[in-house]
Amino acid sequence: MGIEIDVNSVSQEIYQLISALYPICRSITGDGVRKTLNFVQQHISLALHEVKTGTPVFDWTVPKEWNIRDAYIKNSRGEKIIDFQKLNLHVLNYSLPVNQKIQLEELKKHLISIPDKPDWVPYRTSYYKETWGFCLSHNQLLQIQDDEYEVYIDSTLEDGSLTYGEYFIPGETDEEVLISCHTCHPSLANDNLAGIALTTFLAQYLSQLKLKYSYRFIFIPGTIGSITWLARNEANVDKIKHGLVVTCIGDPGKSHYKKSRRGNAEIDKAAIHVLQRSGQDFVIQEFSPYGYDERQYCSPGFNLPVGCFMRSPHGTYPQYHTSADNLELVKPEYLADSLTKFLAVLNIIENNKKYLNQNPKCEPMLGKRGLYSAIGGQTDTKKRELAMLWVLNMSDGESSLLDIAEKSDLEFDLIKETADTLQQFNLLKEC
Amino acid sequence: MGIEIDVNSVSQEIYQLISALYPICRSITGDGVRKTLNFVQQHISLALHEVKTGTPVFDWTVPKEWNIRDAYIKNSRGEKIIDFQKLNLHVLNYSLPVNQKIQLEELKKHLISIPDKPDWVPYRTSYYKETWGFCLSHNQLLQIQDDEYEVYIDSTLEDGSLTYGEYFIPGETDEEVLISCHTCHPSLANDNLAGIALTTFLAQYLSQLKLKYSYRFIFIPGTIGSITWLARNEANVDKIKHGLVVTCIGDPGKSHYKKSRRGNAEIDKAAIHVLQRSGQDFVIQEFSPYGYDERQYCSPGFNLPVGCFMRSPHGTYPQYHTSADNLELVKPEYLADSLTKFLAVLNIIENNKKYLNQNPKCEPMLGKRGLYSAIGGQTDTKKRELAMLWVLNMSDGESSLLDIAEKSDLEFDLIKETADTLQQFNLLKEC
Amino acid sequence: MGIEIDVNSVSQEIYQLISALYPICRSITGDGVRKTLNFVQQHISLALHEVKTGTPVFDWTVPKEWNIRDAYIKNSRGEKIIDFQKLNLHVLNYSLPVNQKIQLEELKKHLISIPDKPDWVPYRTSYYKETWGFCLSHNQLLQIQDDEYEVYIDSTLEDGSLTYGEYFIPGETDEEVLISCHTCHPSLANDNLAGIALTTFLAQYLSQLKLKYSYRFIFIPGTIGSITWLARNEANVDKIKHGLVVTCIGDPGKSHYKKSRRGNAEIDKAAIHVLQRSGQDFVIQEFSPYGYDERQYCSPGFNLPVGCFMRSPHGTYPQYHTSADNLELVKPEYLADSLTKFLAVLNIIENNKKYLNQNPKCEPMLGKRGLYSAIGGQTDTKKRELAMLWVLNMSDGESSLLDIAEKSDLEFDLIKETADTLQQFNLLKEC
């Protein structure tokens, strides 16, 4: 792939982008998404697409556009006890506008807290049922006194459009790698500002390289976004040969890879290879139809080879979908580690070719080409010589370099370099 | 399947039938079998078949019919030291008639005991070698003094017929489930009065239901019975899609399922699923050509998908084939447990269909149909929602509901109910 | 196979042959190989083949022939401090002739020792790079004083030929079993004088038997020898149905079997069966393209079903390729054990047929043929009866006797004898 990347320095930039995006109130539609994608456009020439409210997308319909400007709850003394300006999670996402005075008993029907995590404000949505509500910490809830309250939400839910971003890097072939991240969560750093920001800088880096595959990056609201994108791009999805959903990649948890529905797609093998050789703990998950947008990419009518790369998976870390998924949870070092693994996976995908041994009958004489140690009889054969023997022996047109790396228990990069060398000596031919 | 069953109450009835059948001296032919099947006829309208002595059945020939009325050994003081009337196991099954006085030394050649289990009388047979003998406990044997003995067996071994019972419940299709139990053992409660009695009440219960499959219950002497049945029904065995041999299902041992020769038949998967989710210890055995009538059903010329359901397998519990396999070994609670598992297996077989997702591209919108929780963002998705996602994702015409239950690690019944619901909403179609 | 072999007595003969061959200085070419093969000819009528220097063999060329008569290093007092006559490993194999006086500093560039194993002289070669050198123990090296030394190697490296031996035993069919051992190592007892000697006596024994397969034994220098043999016999290698490379089979290590590249060849299954039932520790290795001549036989253009039988594999025992691989490392008891296993593997290969059950519908009646115990009901069925049931049940033309032995967990010999018996009774037919 060629150009060096300084992962540590890039991870600082990723973190800065996360920080810049953090205050914006996003949802599945609305100006928060647009503002977010505008930030991304400072780094890559992302195309923004608008899909009108009411557009049918498979079994779904693009919903009304939601925008919010302000919201609070005031007590009878006029004090804001809940304030959207301090934390946008306080408003139930997609809340209808409201402006009225109500008693505590009535108000409580519209309040959501998590008794188990009394200090944290939950993140909740109501996209498809028209209502309004406030989220607050359980400690806040316990302190609310009997009183008359003014509830105010300055939002609009009107015909408009759903916004998503798309960025395409053409490669040598029109076969594509799809990288997808969701853009619909408000002030939640790991889920999924980390995903948005890492995808942005990954795209920026890849755009500088000469690539075999074309790369398509999509920045979409979860569920309705991938459904909309698939509905609009149905005719072209056959080009997608590999794909990754990027989510929750900035927290301290160990890396998780969730396999595609196929279970043995090349992207699955590549991701597993990288994690297995990372020297760190990791988890490989079988496909399940619950999670992020892989649910749609891997629905039976598409069954695309798309896996999901995470650190802590949704629902498994305590801060998930609360105000504690903030800029302290995410750290540049974890972003750097995730980016390193992404690059390793894509490096395999880019280079995982099959070759034909041009001297398939017996080993070729490596020594006369200067490829083999001249003094025989030694106990330790060099790794590089072992790699040559493996590549030559398995290059019968059936096994890919990744297959060879797996079988020989050698690093993919060593196998790849070895294949390059053998090809230079006309001992190997790509097939 | 529909009608409720009170398993505990039925297991009491099963136990009562075992108790009623226990005193009868059965063999592979003869009136003991007829009397036994007459008892069964009090519960289900079993058809009795008689196959004449000498009838060729594949490589075998239906043997002479054996009947016994009395037998004993008397010492020189006229005391019965062994008495068939007290325990029919005392006579070597299929013994020729005898009436003579002999010395101890000669008598001993006709006595069988088990030194390892000195209190128990063994059960032995000599169907195909004409001889006579007595079985007794080893302690009894040790006490026999030097004396002249009168040995008396009032039996007949003459041309007659082999008797078996058959009961058929027609279902929606003429594809069949075969349930087979052996009827040839005399006073042995677990092997196989428990099997006979459970099969009887299982058949009675199933006869009240609307069933997809037709069910065929056969009550046959071991080996020669299944061979005879297969020889007479060879033309129709292709209809058998699933089958179970029922044996030793009343003792306290853990459940064992022995796979069919195919090893991955649907009945195998269903039985394994039930045992794996039973919350109890269990054993899955690979097929072997030694055991009960699955030996014949799974002979290479038939290779039927027939497994064997047991608690303690033959030869592995100390009471096996001795007088200790009696009414104390078998208990209603174990019968109830076995019956519950049988019903669970048949429930899977009856309902294990394949469906086609009618919206295979992306998930259908479950929320607009009231099938999905309206408030998003929560950590715990309900099991029922997960089940919907699994059924939709895997219903591509390849995976059965059992496959989906296995892969999702959810209960078959939940998967089945979910499929029913989705079908009502036209989201799924049987294929 | 028929004629009895006294493995212990033969293993003494094998050890004697090893002892006789030990002093000879072998290499990949030259008179040492010829002398070695002459010894073998005292036991089997081995054909010697000479292939001229310069002959192209695939990507290789037959090298010049190397012969050596004497070599030493003398100090300025005329004392031989290194003497080829005492140990031929002292000379770097394929050293050019030399006769000069040099200072210690220059000499050291030509000395090889192993610091980790200070008492042992290493074995090293330089077949394809023209140079000269001496090998010595590290303790010897440390004692060498600053001095002027006379280095003398009386060798020739000239056009000549490469010598190998071949012995063929015709069998009932022209399908072949290949047994290959390498002949190029000088005074190294385990690697591979043990292999040469065991192969010799194995061939001698097999030549007395009536065999299904034809057997081809080749005695070749490592790498260049198998390449040469394959180049000259390319047209006939399709006849090779099974093969073994024999190496390092005389040391105390546990048995190792390295699978063929195919991984599931019949020879692989047979060798694994033998080791699994040996009652001893053993190791099964996956194929790798590093090792002995299986590298060539299993190159992708040939991919022959050839595995490798060893005790301690190359590079894993401390004495490997040093002067400590001597007549004390190898012992008759280990040779006997290896020979026993070879014979067991070949016994399987010779007898591993497939049969068709002639009564595939239900079990045949074994009792009427006297093949089955007459008294029924016993807990312990005899192994022989179990074997009959297994052979009958699995003989559907798909499973070989080895498959049946594996599945039934019974000894191959019992399965084989059982099949013979059943065939005598026309219950089985070879297919």
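Above: the structure in question.
Residues numbered from 1 in each chain as written. Chains lettered and ligands numbered in written order. Predicted model: local features only at pLDDT ≥ 70, side-chain atom pairs only at ≥ 80, totals over all residues. Heavy atoms only, no water.

Novice: Can you walk me through the interface of chain B and chain A in this structure?
Specialist: Accessible area lost upon the coming together of the parts serves often as the stated size of an interface. If you look at the interface, chain B gives 25 residues, while chain A gives 27 residues. Seen at the junction of chain B and chain A, the total is five salt bridges. For the pair chain B and chain A, the interface holds 15 residue pairs in polar contact (both at pLDDT 80 or more). Among the elements that take part in the side of chain B that touches chain A, helix α10 (residues 383-394) of chain B stands out by supplying six residues, more than any other. The class makeup of the residues in the side of chain B that touches chain A is twelve nonpolar, eight polar and five charged. (Contact = heavy atoms within 4.5 Å. Salt bridge = Lys/Arg side-chain N within 4 Å of Asp/Glu carboxyl O. Polar contact = N/O pair within 3.5 Å; in protein donor to acceptor, adjacent residues only side chain to side chain. Helix = DSSP H or I, 4+ residues; strand = E, 2+ residues; numbered from the N terminus. Nonpolar A, V, L, I, M, F, W, Y, C, P; charged D, E, K, R; others polar.)

Novice: Hey, could you run me through the pattern of salt bridges in this one?
Specialist: Pairing is possible between side chains of opposite charge, provided their charged atoms come close. Tallied over the full model, the rule gives 74 salt bridges over all chains. Notably, a salt bridge pairs Lys 109 of chain C with Glu 106 of chain C, separated by 3.2 Å at the nearest N-O pair. Relative accessible area serves as the criterion here: at 64%, Lys 109 of chain C is assigned to the exposed category. For Glu 106 of chain C, a relative accessible area of 34% corresponds to the partly exposed category. One network of salt bridges, with partners in common, ties together Asp 31, Arg 34, Glu 50 and Glu 65 of chain A. (Buried < 20%, exposed > 50% of the residue type's maximum accessible area, 1.4 Å probe, protein only.)

Novice: What is the right way to look at the environment of Pro 56 of chain A in this model?
Specialist: By secondary structure assignment, the location of Pro 56 of chain A is in strand β2 (residues 56-57). Linking Pro 56 of chain A and Thr 228 of chain A, residues 172 residues apart in sequence, is a C-alpha distance of 8.5 Å.

Novice: Can you help me understand the relation of the copies chain B and chain A in this one?
Specialist: To go from the first copy of the chain to the second, apply a rotation about an axis and then a shift along the same axis. The operation relating chain B to chain A is a screw motion whose rotation component is 120 degrees, with 0.2 Å of axial translation and a residual RMSD of 0.1 Å. Interpreted geometrically, this transformation is the action of a three-fold axis. In terms of C-alpha distance to the rotation axis, chain B has Asn 264 of chain B as its closest residue, with the C-alpha 13 Å off the axis. (Least-squares fit on C-alpha atoms with pLDDT ≥ 70 in both.)

Novice: Could you clarify how one ought to interpret the sheet that holds strand β12 (residues 214-220) of chain C in this entry?
Specialist: Working definition: the strands of a sheet are paired by backbone hydrogen bonds and lie parallel or antiparallel to each other. Residues and elements named next belong to chain C. On the basis of which strands lie adjacent, the open sheet formed by eight strands has the order β1-β10-β12-β11-β13-β16-β14-β15 and mixed pairing. Sheet topology places β1 (47-52) and β15 (282-285) at the edges, where each strand pairs with a single neighbour. Looking at each pair of strands side by side, their axes are set apart by 20 degrees on average, direction ignored. As paired elements, β1 and strand β10 (residues 161-169) share six bridges and run antiparallel to each other. Bridged to His 49 within β10 is Tyr 164. (Pairing = 2+ DSSP bridges. Axes fitted to C-alpha atoms, helices over the stretch in contact; angles between N-to-C directions.)

Novice: Can you walk me through the nonpolar core in this structure?
Specialist: A general tendency of soluble globular proteins is for nonpolar side chains to be buried together. Judged by nonpolar contacts, the single largest core of 81 residues is most densely connected at Ile 14, Ile 18, Leu 206, Tyr 215, Phe 217, Phe 219 and Leu 422 of chain A. Residue contributions to this core reach at least three from each of two domains, namely domain 1 (7-63 + 161-351) and domain 3 (354-430) of chain A. (Core = buried A, V, L, I, M, F, W, Y, C linked by side-chain atoms within 4.5 Å. Domains from an automatic or database assignment.)

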